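Per-entry structural report
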Amino acid sequence: MNEVLLIYATALLLAWPLGRYMASIYSPAPDFSRRGCGAIENLVYRAIGVRPDVPMNWKQYGKALLKLHVIVAVTAFVIFMQQGRLPLNPDGIEGMSWDLALHTAASFITNTNQQHYSGQAQLSYFSQLIAIVSIQIVTPAAGLAVLAAILRTLFARQDERRMTSSGEISVGNFYADLVRTVTRLFIPLALITSLLLAWQGVPGTYQGAQFAHPIDSSAELSEQRIPAGPVAPMVAIKQLGTNGGGWYGPNSAVPLENPTPISNFIETVAIVLVPMASVFMAGYLTGRRRLALSILGVMLALSAATSGLAIWSENQPNAAFAGLAAEGPNLEGKEVRIGASATALWGAFTTQTSNGSVNGMLDSFNPLGGAATLMDMFVNATFGGVGVGLINYLLLLLLAVFLGSLMVGRSPELYGRALEAKEIKLVSIALLLQPLLILGLTALAVTLPGLAQNSNPGVHGLSQVLYEYASAFANNGSGFEGLGDNTVWWNVSCSVALILGRFIPILAPLAVAAHMAAKRAAPVTIGSLVIETPTFALLTLGVILMLSLLSFFPALVLGPLAEYLSLAG
């Protein structure tokens, strides 16, 4: 428990100054990072042929976002298909099939990194570095850029609004926000983290696989092949950018990716660092620090609840070993060097933040531990992915404003600006798409023979399928392993969930922010709904729980809760 509290405390203490620095990146006021990175950024702008000082409306901003991702996706798809003919392939790995290449490209451009392949066996160094690590920098930067645009627009005061040349509300310039995020935030953070991990023994080499001879001459294996590579840089950005996945198939359960207790501590803190810092950034960027603190309070309450449930559950005995050995924590699927509590905390953090990396097998969690990780992804706003987690929270906040205003008999408004039918429709589409897509695809997969390819025919088999689609839509990437997921059905259906789950919840609130900012603000009176109070924070928490439970409680009852009750019996 002391380790858990230390990780939470360290993440919060680092997130506070980091959030203040992140706010300065998107602020018009000059700062030291602009002086240090300005020349490099200007070279990038000239190279891609854009002007960073031209304000964009929300449609132009959204089109620039989508255009970037289409270009990156097509490039990555070609690389995956042709990697056998490309350089930096010392192990002679062949190209992917079209459906696996499609899913892998869709997974990485959506900041998900859901892997239907094993990285050390099916990707060349060229694919890992050019098509994987580079995307792992760009996609979280894009999510954070859109968050900054929404915050600047939605919470801007009347005199702070900027206009485009055509007289529309400006949300900023996408290219300026993106390039600043890459050069001033993710590259320096990833460099520091990769050096710390290399210090702990994580490999960083361009040599091919290493070979070792077993000490025990009676072993049937005469030679062992150990894949290596530039692992430390990938692990650093996959954790910091809530990308997830890993160089190795079992991710950070592999000693080469996570060799020591210190590396485990660093990687666990890195999962939540930038998502936590995004909340502090929101307070400094908008000047509404009380609102940011209330948001942080709700997120911490949700995090503590599901983390506590996962840790408690994994410290209970595994029912499969009842009567066979002395009772102890559930160590199935866990590294003994890491332990049950640290693995459960990682599992909770990785699903609270849309990270998806693992240091143990989530499929081996006890039923309530698995239910905790599913609930984290259903909420998808505890801390969430970099940028998009807070964007999802703002959608839920707007829904709480709408319901709270109606409860007190007032027209819905946010800081004096009316919240009308157009905005609520966009919010509703973004929020209701999640249960419709996850439950619909799950129903299809378990109903049609041969589609699911799951290793368990009972209630746990349903949990495996439900988890895969929840992970795809939440842009998480982790999985209840046991699915034969490298099939055309899984690769194509998950690609649909990945893309819709990424871009609609980003573009809808961007449009809402622009529409709200264009309205004239009415004077705030004593009867106005104040959203910066503990009471409103509790209302938002209630809305989050109600929406999640109403949407997914029946599925939880049929899956992990039924499994828990059957094992308890």
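Up top is the structure these notes are about.
Attention here is on the structure that accompanies the text. All values reported here derive from a predicted model rather than from experimental measurement. (Residues numbered from 1 in each chain as written. Predicted model: local features only at pLDDT ≥ 70, side-chain atom pairs only at ≥ 80, totals over all residues. Heavy atoms only, no water.)

Focus on the overall build of the protein
How we decide: Helix and strand assignments come from DSSP, with helices taken as H or I runs of at least 4 residues and strands as E runs of at least 2, each series counted from the N terminus. Method for areas: the Shrake-Rupley scheme with a 1.4 Å probe, in which residue coverage is limited to the protein chains shown. His residues and chain termini do not enter the charge count, which takes Lys and Arg as positive and Asp and Glu as negative. Taken as the charge location is NZ of Lys, CZ of Arg, CG of Asp or CD of Glu.
Scanning the protein for helices and strands turns up 17 helices and 4 strands. When the backbone C-alpha atoms are referred to their principal axes, the protein occupies close to 80 × 60 × 45 Å. As presented, the protein carries roughly 22,700 Å² of accessible surface, and 67% of it is formed by carbon and sulfur atoms. Taken as two groups, the 29 positive and 30 negative side-chain charges of the protein have centres that lie 20 Å from each other.

With respect to a nonpolar patch on the surface
Convention followed: Residues qualify for a patch when their relative accessible area is over 30% and they have no salt bridge, like charges being joined within 9 Å and the nonpolar side chains of Val, Leu, Ile, Met, Phe, Trp and Tyr within 5 Å. Salt bridge, as used here: a side-chain nitrogen of Lys or Arg that lies within 4 Å of a carboxyl oxygen of Asp or Glu. Each residue is assigned to one of three classes by its accessible area relative to the maximum for its type, calculated with a 1.4 Å probe on protein chains only: buried under 20%, partly exposed between the two thresholds, exposed over 50%.
Taken together, Trp98, Leu102, Val488, Val492 and Val496 make up a surface patch of nonpolar side chains, about 400 Å² in accessible area. Of all the secondary structure elements, the ones that give two or more residues to the nonpolar patch are α4 (98-109) and α16 (488-517). Counting residues per element, the nonpolar patch draws most heavily on α16, which supplies 3 residues. Here tryptophan 98 is to be found in helix α4. Under the relative-accessibility criterion, tryptophan 98 is labelled partly exposed at 47%.

Looking at the packing of aromatic side chains
Rule in force here: Here a Phe, Tyr or Trp ring, Trp counted by its six-membered ring, pairs with any other such ring whose centre lies within 6.5 Å, and the pair is stacked when the planes are under 30 degrees apart, edge-to-face when over 60, and tilted otherwise. As a reminder, the over-ring test applies to NZ of lysine and CZ of arginine, requiring each to be within 6 Å of the ring centre and within 35 degrees of the ring normal.
Using the criterion set out here, one finds 7 aromatic pairs in the structure. Seen from their ring centres, tyrosine 61 and phenylalanine 174 are 5.4 Å apart, and the 80° between their planes marks the pair as edge-to-face. Linking tyrosine 61 in helix α3 (residues 58-82) with phenylalanine 174 in helix α7 (residues 174-199), this pair joins segments that are 113 residues apart in sequence. The same class applies to tyrosine 61 and to phenylalanine 174, which are both buried. Judged by centre distance (6.0 Å) and plane angle (75°), the rings of phenylalanine 155 and tyrosine 415 are edge-to-face. With a gap of 260 residues between them, phenylalanine 155 in the loop between α6 (125-154) and α7 and tyrosine 415 in the loop between β3 (413-414) and β4 (417-418) connect regions that are remote in the sequence. Classification of phenylalanine 155 by relative accessible area gives buried; the value is 4%. When its relative accessible area of 23% is taken as the criterion, tyrosine 415 is described as partly exposed. Of the aromatic side chains, those joined through ring pairs into one cluster are Tyr61, Phe174 and Tyr175. Above the ring of tyrosine 415, the side-chain terminus of arginine 288 is found at 3.8 Å from the ring centroid.

A look at the pattern of salt bridges
Considering all chains together, one arrives at 8 salt bridges under this definition. For glutamate 314, the salt bridge is made with lysine 334, and the minimal N-O distance between the two is 2.8 Å. A residue pair is termed long-range when its members are at least 10 positions apart, and glutamate 314 in helix α10 (residues 289-314) and lysine 334 in the loop between α10 and α11 (340-352) qualify at 20 residues. Using a relative accessible area of 8% as the deciding quantity, one classes lysine 334 as buried. Salt-bridge contacts for lysine 519 lead to glutamate 420; the nearest nitrogen and oxygen are separated by 2.9 Å. Taken together, the positions of lysine 519 in the loop between α16 and α17 (534-568) and glutamate 420 in the loop between β4 and α14 (421-447) put the pair 99 residues apart, joining distant regions of the chain.

What to know about α11
An α-helical turn contains 3.6 residues, so any two residues separated by three or four positions project in the same direction. Inclusion rule: To estimate the expected span of a helix, count its residues, drop one, and scale the result by 1.5 Å. Two residues qualify as a contact provided that any one of their heavy atoms is within 4.5 Å of a heavy atom in the partner residue.
Across its 13 residues, α11 extends 18 Å between first and last C-alpha, which sits within 8% of the 18 Å expected from 1.5 Å per residue. Burial within α11 is extensive, with 12 of its 13 residues counted as buried. Residues of α11 that are buried: Ala340, Ala342, Thr343, Ala344, Leu345, Trp346, Gly347, Ala348, Phe349, Thr350, Thr351 and Gln352. At its buried positions, α11 is contacted by α1 (2-26), α8 (231-240), α9 (261-286), α10, α12 (367-379) and α15 (459-473).

Observations concerning the nonpolar core
Counted only if it meets this: Only buried residues count toward a nonpolar core. Its members are Ala, Val, Leu, Ile, Met, Phe, Trp, Tyr and Cys residues joined through side-chain atoms within 4.5 Å.
Of all hydrophobic cores here, the largest spans 163 residues; its most connected members are Tyr61, Phe80, Leu144, Phe174, Phe186 and Tyr393. Residue contributions to this core peak at 19 residues, all from α6. Not counting residues up to four positions away in its chain, the partners in contact with phenylalanine 80 are Gly95, Met96, Ala101, Thr104, Ala105, Leu123, Ser127, Ala131 and Ile132.

Quick word on the side chain of asparagine 330
What counts, and what does not: We define a polar contact as two N or O atoms separated by no more than 3.5 Å, with the added condition that, inside protein, one atom must be a possible hydrogen donor and the other a possible acceptor, whereas residues neighbouring each other in sequence contribute only through side-chain atom pairs.
Residue placement: asparagine 330 occurs in the loop between α10 and α11. Within the local environment of asparagine 330, its side chain forms a polar contact with the backbone oxygen of serine 364, the two atoms lying 3.0 Å apart. Discounting chain neighbours no more than four positions away, the residues touching asparagine 330 are Glu314, Gln316, Asn318, Ala340, Ser364, Phe365 and Asn366.

Focus: unusual backbone geometry
The backbone of leucine 88 sits at a positive phi, close to 55°, despite the residue not being glycine. In this structure, leucine 88 sits in the loop between α3 and α4. Given a relative accessible area of 39%, leucine 88 falls into the partly exposed group. Of note, serine 354 is a non-glycine position whose phi angle comes to about 60°, a positive value. With respect to the helices and strands, serine 354 occurs in the loop between α11 and α12.

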